[in-house]
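Residues per chain are reported as follows:
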Amino acid sequence: MIGLHLLNASGGAVLFRNQPTGSTGRYPDNFVPLAAFPIRRPFAPSAYELMLAQRLETKVTHVTYCRPTEDVQRGDRMIIESVEYDVTEILPPSKAHHLKILMERREHGTTIP
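The sections below set out a description of the structure shown in this document.

Rules used in this analysis
- Residues numbered from 1 in each chain as written.
- Predicted model: local features only at pLDDT ≥ 70, side-chain atom pairs only at ≥ 80, totals over all residues.
- Heavy atoms only, no water.
- Helix = DSSP H or I, 4+ residues; strand = E, 2+ residues; numbered from the N terminus.
- Buried < 20%, exposed > 50% of the residue type's maximum accessible area, 1.4 Å probe, protein only.
- Polar contact = N/O pair within 3.5 Å; in protein donor to acceptor, adjacent residues only side chain to side chain.
- Core = buried A, V, L, I, M, F, W, Y, C linked by side-chain atoms within 4.5 Å.
- Contact = heavy atoms within 4.5 Å.
- Arc of directions from axis to C-beta.
- Phe/Tyr/Trp six-rings, centres within 6.5 Å; stacked < 30°, edge-to-face > 60°.
- Pairing = 2+ DSSP bridges.
- Axes fitted to C-alpha atoms, helices over the stretch in contact; angles between N-to-C directions.

Things to note about the side chain of His98
Item 1. Among the structural elements, His98 can be located in the loop between strand E5 (83-91) and strand E6 (99-105).
Item 2. Classification of His98 by relative accessible area gives buried; the value is 10%.
Item 3. Polar contacts involving the side chain of His98 include one to the side chain of His97, which spans 3.1 Å.

Below you can see the structure in the form of structure tokens.
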């Protein structure tokens, strides 16, 4: 099990999952809160993680870790310390005491009137 002292993000993470709506089962931005749990503060990816993301044809701006029992899936959205991230990939752990999560930070632009 990953040491709780390493899960250092204040307030942890809140996980949101996109839920299909309507009879067509489409996925508009309909994210609903799913769980809250402790997580490690996100940090910049290493060269290896950037290369791996390129092979997986996904984007990554941050990496984090959580306990292996958390139900995190690709496509989920997380809010960690008031910053939104989209989960782009979950990497199989080298040891079964943590999950490694690749994420892309969501940027909110401003509209010009």
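Observations concerning the nonpolar core
Item 1. Residues Phe37, Ile39, Cys66, Val72, Met78, Ile80 and Ile101 are the most contacted members of the largest nonpolar core, which totals 15 residues.
Item 2. Look past the residues within four positions of Phe37 in its chain and what remains in contact with it is Gly12, Ala13, Leu15, Cys66, Arg67, Glu70, Val72 and Met78.
Item 3. Counting 6 residues, the second largest nonpolar core, distinct from the first, contains Leu52, Val63, Leu91 and Leu102.

Focus on helix H1 (residues 47-55)
Item 1. Of the positions making up H1, those classed as buried are Glu49, Leu52 and Ala53. Here the buried residues of H1 occupy an arc of 100 degrees about the axis, which is enough to place them on one side. Turned more than 90 degrees from where H1 packs its buried face, Ala47, Gln54 and Arg55 sit exposed.
Item 2. Looking at the buried positions of H1, the neighbouring elements they touch are strand E3 (62-66), E5 and E6.
Item 3. Once H1 finishes, Glu57 follows within two positions and takes phi at roughly 55 degrees, a positive value.

Observations regarding the packing of aromatic side chains
Aromatic ring pairs: the centre-centre distance and the angle between the two ring planes describe each pair.
Item 1. For the structure on display, the rule yields 1 aromatic pair.
Item 2. Both rings, one in Phe43 and one in Tyr65, keep their centres 6.0 Å apart while their planes meet at 25 degrees; by these two values the pair is stacked. Of this pair, Phe43 sits in the loop between strand E2 (31-37) and H1 while Tyr65 sits in strand E3, placing them 22 residues apart in sequence.
Item 3. The class for Phe43 is partly exposed, based on a relative accessible area of 27%.
Item 4. With relative accessibility at 16%, the residue Tyr65 sits in the buried group.

A short note on the sheet that holds strand E4 (residues 77-80)
Item 1. Read from one edge to the other, the open sheet built from 6 strands follows the order E2-E1-E4-E5-E6-E3, with strand pairing classed as antiparallel. Because the sheet does not close on itself, it has two edges, and the strands there are E2 and E3. Across the sheet, the axes of successive neighbouring strands diverge by a mean angle of 35 degrees, strand direction being ignored.
Item 2. Sheet analysis places E3 next to E6, joined by 5 bridges and oriented antiparallel.

Some points on the side chain of Thr88
Item 1. Following the sequence through the fold, Thr88 ends up in strand E5.
Item 2. Given the relative accessible area of 8%, Thr88 is considered buried.
Item 3. Ignoring sequence-local partners within four residues, the contact set of Thr88 consists of Thr58, Lys59, Arg74, Leu102, Met103 and Glu104.

A short note on unusual backbone geometry
Item 1. Here the phi dihedral of Glu57 falls at roughly 55 degrees; this positive angle occurs in a residue that is not glycine.
Item 2. For Glu57, a relative accessible area of 73% translates into the label exposed.

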